[in-house]
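Report on the structure
Now for the letters of each chain:
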Amino acid sequence: MIQESFKNRALIRFPRLNFLKLKGLQNLIGFCHEDYTVEFPVLMILEIENCPELKGFIHNSTRKDTPTDGVLFNNKVIFPTLEKIKISHLRKVKRIWHNQLHTNSFSMLKELIVQECDVLLNIFPPFCLRVFQRLEKLIVTDCASLEEVFQLQVQGLDVEETYVVESRLRELNLIRLPKLEHVWTKYCKGNISFSSLKQVCIEECWGLKTLFPFSIAKDLQQLETLTIQNCGLEEIVSKNVEGSNEQEIWFAFNQLSILNLWDLPYLTCFYPGMHRTTWPALTKLIISECGRIKIFGHEESQIEHSLFLIDKVITATLFFSA
């Protein structure tokens, strides 16, 4: 550990530490006092587990109700090489990231795992999405209060209008999140892309009514596996608000080989409007306990409530579970 002056504030540096794990520290409220900036120039993996009193990685124990109270990471911690974060059983953490982060932090993050953080409200706040463009794997489970994953709107401002984000996210798993209402809040207008997604698994999210905003669903040509089960979903893709007068909408899932839809009692349609879908690589289809959705339809029928057109899926090898 090295301590030195840094912009009128003491800097604490751990120049060789590449793995840090904090586990089972029942009385820990913070790693470092807010009078310091702390830097981990070569840290690759950070795990924080079962620290129920932790209020923030940088925390002031002498004051209450500060702006960063309950925020795990702020701009006084520097992680230039961090690739993996795992946090679990943090009972005081309401947000993972502060709106202002150090310019050299988190840009290399590839994997984030969040488990059993009961008061956590969202995963990625506005204005931070560009920082996490290299993220490839996101797993969030058993967070009782989580309402949204990617927050794109705050106080009437559409954050997606301010910059372009090309996410590298490949795997998304959201499991047992009873209050989850949005994976992506509202809808985005094309400036934010998740076209690298390959695997999506959503389980036991009964507050979730729709999964993909229209502008994200239209670019999922790399998606290979989609599993949705035990959820309150009413539609998989939300209505296109802009350009809603288009006569025909196409969704191309050119790489999707496995589609699993289990116990979705409120699901009525794939997309609430006239549309067509292509599934040339589909080899396994499992649909169970989805009594409201029409699975197969004819081209001349009202296809907005049909998952497949018969003449478009006859070349696929499908497994169907009623």
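Residues numbered from 1 in each chain as written. Predicted model: local features only at pLDDT ≥ 70, side-chain atom pairs only at ≥ 80, totals over all residues. Heavy atoms only, no water.

**Points about the confidence of the model for the chain**
We apply this condition: As a per-residue measure, pLDDT tells how confident the predictor is, with possible values from 0 to 100. Working rule for contacts: check all heavy atoms of both residues, and any pair within 4.5 Å makes them a contact.
In the predicted model, the chain carries a mean pLDDT of 84, and the fraction of residues at 70 or more is 79%. Across residues 310-322 the pLDDT falls below 50, and counting only partners more than four positions away or on other chains, this stretch makes 26 contacts in the model.

**Points about the packing of aromatic side chains**
Defined as follows: A pair of aromatic rings is counted whenever rings of Phe, Tyr or Trp (Trp by its six-membered ring) have centres within 6.5 Å, and the orientation is called stacked for planes under 30 degrees apart, edge-to-face for over 60 and tilted otherwise. Secondary structure elements follow DSSP: runs of H or I no shorter than four residues count as helices, runs of E no shorter than two count as strands, and numbering proceeds from the N terminus. We call a residue buried when its accessible area falls under 20% of the maximum for its residue type, exposed when it is over 50%, and partly exposed in between, using a 1.4 Å probe and counting protein chains only.
Within this structure, the stated rule accounts for 29 aromatic pairs. Note on Phe 31 and Phe 57: the rings are 4.7 Å apart at their centroids and 15° apart in plane angle, and the pair reads as stacked. On the criterion of sequence distance, the pair formed by Phe 31 in the loop between strand E3 (19-23) and strand E4 (32-33) and Phe 57 in the loop between strand E6 (45-49) and strand E7 (58-59) is long-range, its members being 26 residues apart. Both rings, one in Phe 253 and one in Trp 279, keep their centres 5.0 Å apart while their planes meet at 20°; by these two values the pair is stacked. With a gap of 26 residues between them, Phe 253 in the loop between strand E26 (250-252) and strand E27 (258-262) and Trp 279 in the loop between strand E28 (276-278) and strand E29 (284-288) connect regions that are remote in the sequence. By the burial criterion, Phe 253 is buried, and Trp 279 matches it.

**Some remarks on the state of the cysteines**
To keep things clear, this is the line we draw: Any pair of cysteine sulfurs within 2.5 Å is marked as a disulfide.
Applying the stated rule across the entire model yields 0 disulfides. Not part of a disulfide, Cys 231 finds its nearest cysteine sulfur in Cys 205, a span of 4.7 Å.

**What about the sheet that holds strand E13 (residues 122-124)?**
Let me state the cut-off plainly: For two strands to pair, DSSP has to find at least two bridges joining them. To define axes, lines are fitted to C-alpha atoms, for helices over the stretch in contact only, and angles between the resulting N-to-C directions are given on a 0 to 180 degree scale.
Strand order across the open sheet formed by 3 strands is E13-E15-E20, with parallel pairing between neighbours. The open sheet has two free edges, formed respectively by E13 and strand E20 (182-184), since each of these has just one partner strand. The average angle at which neighbouring strand axes cross in this sheet is 5°, direction not considered. Alignment of E13 against strand E15 (residues 148-150), held across 2 bridges, turns out to be parallel.

**Some thoughts on the sheet that holds E29**
Sheet architecture is open: 10 strands sit in the order E3-E6-E10-E12-E14-E19-E22-E24-E27-E29, paired in parallel fashion. A single partner strand is all that each edge strand has here, and the edge strands are E3 and E29. Taking the axes of each pair of neighbouring strands and ignoring which way they run, one obtains an average angle of 5° across the sheet. Here 5 bridges tie strand E14 (residues 137-141) to strand E19 (residues 171-175), and the two strands are oriented parallel to one another. Bridge pairing in E19 places Leu 138 opposite Leu 172.

**Some remarks on the pairing of strand E24 (residues 225-229)**
For a regular strand, side-chain orientation follows a simple rule: the groups alternate between the two sheet faces. Where strand E22 (residues 199-203) and E24 come together, 5 bridges link them in parallel fashion. Opposite Val 200, over in E24, you have Leu 226 as the bridge partner. Here 5 bridges tie E24 to E27, and the two strands are oriented parallel to one another. Paired with Gln 229 across the two strands is Trp 262, which belongs to E27.

**A few points about the nonpolar core**
The criterion, for reference: Take the buried residues of types Ala, Val, Leu, Ile, Met, Phe, Trp, Tyr and Cys, join any two whose side-chain atoms come within 4.5 Å, and each joined set is a nonpolar core.
Judged by nonpolar contacts, the single largest core of 89 residues is most densely connected at Phe 57, Phe 73, Trp 97, Ile 123, Leu 138 and Phe 212. A total of 3 residues in this core trace back to one element, the largest contributor, which is helix H1 (residues 214-217). Not counting residues up to four positions away in its chain, the partners in contact with Phe 73 are Leu 46, Phe 57, Phe 79, Ile 85, Ile 96, Trp 97, His 98, Leu 101 and Phe 106.

**Section: the environment of Gly 24**
Turning to its location among the elements, Gly 24 is positioned in the loop between E3 and E4. Expressed as a C-alpha distance, the spacing of Gly 24 and Pro 52, which sit 28 residues apart in the sequence, is 8.4 Å. For Gly 24, the residues in contact, after removing those within four places along its chain, are Glu 49, Asn 50 and Cys 51.

**Quick look at the side chain of Asn 173**
Note on placement: Asn 173 falls in strand E19. Excluding residues that lie within four positions of it along the chain, Asn 173 makes contacts with Leu 138, Ile 139, Val 140 and Cys 201.

**Some points on the pairing of E27**
Looking at chain direction, E27 and E29 are connected through 5 bridges and run parallel. The partner of Trp 262 across the bridge, within E29, is Ser 288.

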